[in-house]
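The chain contents come next:
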Amino acid sequence: MGRMGISPTARRSGKKAGDTASAVKRPRRAKPVMAAPDVDPNRVVIEGVSPEIEAGRFPAKAVAGWPFTVEADIFCDGHDTIDAAFLIRRADEADWREVPMAALGNDRWRGVTVVEDNARYVYTVIAWRDLFANWRDEITKKHAAGVEIGLELTEGRDLVATAARESDRATPADRKRLKALVAEVNASDAEADRLELLLSAETADLMRSAGIRTNLSRHVRELPLTVDRKAAAFSAWYEIFPRSMSDDAERHGTFDDVIAKLPYVRELGFDVLYFPPIHPIGTAFRKGRNNTLTPTADDPGSPYAIGSEEGGHDAIHPELGSFDDFARLIDAARDHGLEVALDFAIQCSPDHPWIREHADWFDWRPDGTIKYAENPPKKYQDIVNVHFYRDAFPGVWYALRDIVLFWAERGVRIFRVDNPHTKPFPFWEWMIRDVQDKHPDIIFLAEAFTRPKVMKRLAKVGFTQSYSYFTWRNTKAELTEYLTELTTTECRDYMRPNFFVNTPDINPYYLQTSGRPGFRVRQVLAAGLGGNYGVYSGFELCEGRPVPGKEEYLDSEKYEIKAWDWDRPGNIRADIALMNRLRRNHPAMQDFTNLTFHNAWNDNILYFARSTPARDDYLLFAVNLDPHNGQGASFEVPLWEFGLPNEASIDGENLVTGERFVWHGKDQHMWLDPQQFPYLIWRLLPFAGAAT
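Values in this document were obtained by computation on a predicted structure and should not be read as measured data.

Engineer: Which residues make up the sheet that holds strand β23 (residues 618–624), and what values go with them?
Structural biologist: Across the sheet, six strands lie side by side as β21-β22-β23-β28-β25-β26; this open sheet has antiparallel pairing. Looking at strand neighbours, the two that pair on one side only are β21 (595–597) and β26 (660–664), the edges of this open sheet. Within the sheet, the average angular offset between the axes of one strand and its neighbour, ignoring direction, is 30°. Bridge count between β23 and strand β28 (residues 679–685): six bridges; the pairing is antiparallel. Following the sheet pairing, Y618 is matched in β28 by L684. Most of the contacts of helix α14 (residues 476–488) go to β21, to which it runs at about 145°, and overall it touches β21 and β22 (605–611). Across the sheet, helix α15 (residues 509–529) is in contact with β21, β22, β23 and β28; its angle to β22 comes to roughly 30°.

Right, here's the structure in full:
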């Protein structure tokens, strides 16, 4: 018997018991033959992918030329090093492009790329165990601690050799470099030299691009992505009635009158000029002034009563002009940097040709009369609705799609869709996709002031932009809550709100009672908070005379030709031009989701920032929501955003007055007089030599 605690084998070999690295050898055994169990092939967990809209049922949205970000929770058993990327390709191409992802902490990963084309894309996430990166991490720690690393160097060399033989990612040039590295390591007698070769940055880069991805795992879905042009996410709309552009209430305006107004619209800084329907207007049950049921012979009727003996949705109201006139308008608008948007209203006057030609597209009452549109208690006797199923399917679907294509062929690329929430979701999903397959640059705005889930569903099925509740969000709490939802929750990935300050149908109560200061407040909020926003003409003139007790305009332009005094005293054209200029000139204003609310200790003052990720364009807005009284507040200058201490100084510029200033310290005070400046806009200039 040998000495207690030391085996005879250990005495003969001169090794100590417990020296398993050299004493324990791998036994040679035949590998048993058995069927593999049916298990998840993905050892690395990939979950919580964002964006992923309803498990990939609907596409996320991005903008051509802008960054597109993908995040996911990615982790594995144990403590081995893992790596991840997301794959992206155009839907009509086969080859994937790989975008590396970086760990953010708490097993959350993020990758960012720029998608260049206005097209449909597909993306997914992959992850794997990176044995070489894990080896580098462990040997670095051991070497720093003075631990023997001879066998670890052999393991590292073997990982490189295996990659040279077996990696399906290695190009012929990669294999040549990998083999040369193995040979160089084998030829070196010095441990330090071998370590330097294997730990070099060049070796790390080579193994990252050509090494074996162990336990390569893939997200269970390939996810759709719609990439739109920039105007889908960043636009300023101006709505007019072309028939009112003659500046004479006794003369019907024409497309030539609109052309004459283009410089005015462009000087205000808008880039989309939007028309209500321009089609022939029916005479049956025509509405008179203020929506009366007893019109005179001179009343022009509502343009939403589409269709007469002159034609339907593919015709132009004769008094506006011809198709040649319309073509000249499209060209002239383009020369002024404007796009023309048309209203797509799926409704018909009782005089519409479709009623004679396709009676089965409409609903009829038991007495044989056609059923006109209703929204009880409201009645719209001058219009009737089509239905989408029964005998109308699929004929009416193709007819409506072809209307959009008809106008697209005449240069229209933006459509505001009237009341889409009263038409089937499957129709919109099919129609929008079919149209955009032919014209991917077409933009659809959903005019749906309805329930939140319905509005979001319309965005999911394909609408590029969406009307929003902004029109009725007036208090600091309401605005903060609503904007936080739109910019930070999942809907930011598929819903692009358009903040219209007013519409021909909506004269908000706030504007009815707030006077000129209220119009300035709502303008700066819409343009300052929104990526897309819109103004119905007359707003710049502070027009707000209501029908008593209703959110409707007295003497509404929907039912009569107006003659506006475009230079009316008290107008806010300068405010509109200022905001549109800031939007164009400042990158911080062009990403709707970069909004941050900051502290101003007064519930009547909304204080927020818009900034670029690099903080090289950082704008602060302070808006007095009370149009009747001056309001003051202590507020915080966000010095922490620039890594500055609370007592630091920072340069700034007042973008309303052009004055330069210096703030000393985080805590400052403001005063906003609604009659003078109901809002202030500052640009922080923390970097030396920053441009104004």
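Engineer: Could you give me a rundown of the domain arrangement of the chain, with the residues and numbers involved?
Structural biologist: Along its sequence, the chain is organised into domain 1 (44–130 + 223–227), domain 2 (131–212) and domain 3 (595–685). In this structure, domain 1 and domain 2 have C-alpha centres spaced 29 Å apart. The partner domain 2 presents four residues to the five residues of domain 1 that form the contact. Contact between domain 1 and domain 2 buries roughly 520 Å² in total, counting both sides, with carbon and sulfur atoms accounting for 40%. It is T81, R129 and D130 in domain 1 that bury the most area against domain 2; as a group they hold 73% of the surface buried on that side. Viewed at the interface, domain 2 and domain 1 are joined by zero salt bridges. Taken together, the links from domain 1 to domain 2 amount to four residue pairs in polar contact (both at pLDDT 80 or more). In terms of residue class, the side of domain 1 that touches domain 2 is made up of no nonpolar, two polar and three charged.

Engineer: With reference to specific residues and values, describe the UniProt feature "binding site: alpha-maltose 1-phosphate" (unreviewed entry) in the chain.
Structural biologist: As recorded in UniProt, the sites labelled "binding site: alpha-maltose 1-phosphate" (unreviewed entry) are K287, Q347, D382, N419, K558 and Y559. Its place among the elements puts K558 in the loop between β20 (532–536) and α16 (573–585). Excluding anything up to four places from it in sequence, K558 contacts F241, R243, G301, S302, P303, P504 and D505. With respect to the secondary-structure elements, Y559 resides in the loop between β20 and α16. Assessed through its relative accessible area of 11%, Y559 is described here as buried. Discounting residues that sit within four places of it in the chain, Y559 has contacts with R243, K287, G288, R289, N290, N291, P300, G301 and S302.

Engineer: Please provide a residue-by-residue account of the UniProt feature "site: Transition state stabilizer" (unreviewed entry) in the chain, values included.
Structural biologist: In the numbering used here, UniProt assigns the "site: Transition state stabilizer" (unreviewed entry) feature to D505. Within the secondary structure, D505 is located in the loop between β19 (497–500) and α15. With near-sequence residues (within four places) excluded, D505 lies in contact with E551, E552 and K558.

Engineer: Lay out the pairing of strand β3 (residues 67–75) in plain terms, naming residues and giving numbers.
Structural biologist: With four bridges connecting them, strand β1 (residues 45–50) and β3 associate as antiparallel partners. Of the residues in β3, the one forming a bridge with V45 is F75. In this sheet, strand β7 (residues 108–114) lies alongside β3 in antiparallel orientation, the contact comprising seven bridges. Bridge pairing in β7 links V70 to G111.

Engineer: Account for the confidence of the model for the chain, with residues named and values stated.
Structural biologist: When pLDDT is averaged along the chain, the result is 94; 96% of the residues meet or exceed 70. Note that residues 1–21 has pLDDT below 50 and, in this model, six contacts with residues that lie over four places away or in other chains. pLDDT under 50 marks residues 688–692. Its contacts with residues more than four places away, or in other chains, come to six contacts.

Engineer: Account for the sheet that holds β20, naming residues and giving values.
Structural biologist: Ordered in space as β11-β12-β13-β16-β17-β18-β19-β20, the eight strands form a closed barrel in which the pairing is parallel. Averaged over neighbouring strand pairs, the angle between their axes works out to 25° when direction is ignored. Taken together, the four bridges between strand β12 (residues 272–275) and strand β13 (residues 339–344) define a ladder with parallel strand orientation. Bridge pairing links L273 to V340 in β13.

Engineer: So what about the packing of aromatic side chains? Which residues, and what values?
Structural biologist: Taken as a whole and judged by the stated rule, the model has 45 aromatic pairs. With a centroid separation of 6.0 Å and 80° between ring planes, the pair formed by F499 and F592 is classed as edge-to-face. Residue F499 is found in strand β19, and its partner F592 is found in the loop between α16 and β21; the two are separated by 93 residues along the sequence. The exposure classification of F499 matches that of F592, with both residues buried. It is R89 that lies over the ring of W96; its NZ or CZ is 4.6 Å from the centre. Positioned over the ring face of F406 is R410, at 3.7 Å from the centre of the ring.

Rules and cut-offs
- Residues numbered from 1 in each chain as written.
- Predicted model: local features only at pLDDT ≥ 70, side-chain atom pairs only at ≥ 80, totals over all residues.
- Heavy atoms only, no water.
- Pairing = 2+ DSSP bridges.
- Helix = DSSP H or I, 4+ residues; strand = E, 2+ residues; numbered from the N terminus.
- Axes fitted to C-alpha atoms, helices over the stretch in contact; angles between N-to-C directions.
- Contact = heavy atoms within 4.5 Å.
- Domains from an automatic or database assignment.
- Buried area = accessible area lost by both parts, 1.4 Å probe.
- Salt bridge = Lys/Arg side-chain N within 4 Å of Asp/Glu carboxyl O.
- Polar contact = N/O pair within 3.5 Å; in protein donor to acceptor, adjacent residues only side chain to side chain.
- Nonpolar A, V, L, I, M, F, W, Y, C, P; charged D, E, K, R; others polar.
- UniProt positions renumbered as here; feature names shortened; annotations may be inferred.
- Buried < 20%, exposed > 50% of the residue type's maximum accessible area, 1.4 Å probe, protein only.
- pLDDT = per-residue confidence, 0-100.
- Phe/Tyr/Trp six-rings, centres within 6.5 Å; stacked < 30°, edge-to-face > 60°.
- Lys NZ or Arg CZ within 6 Å of the ring centre and 35° of its normal.

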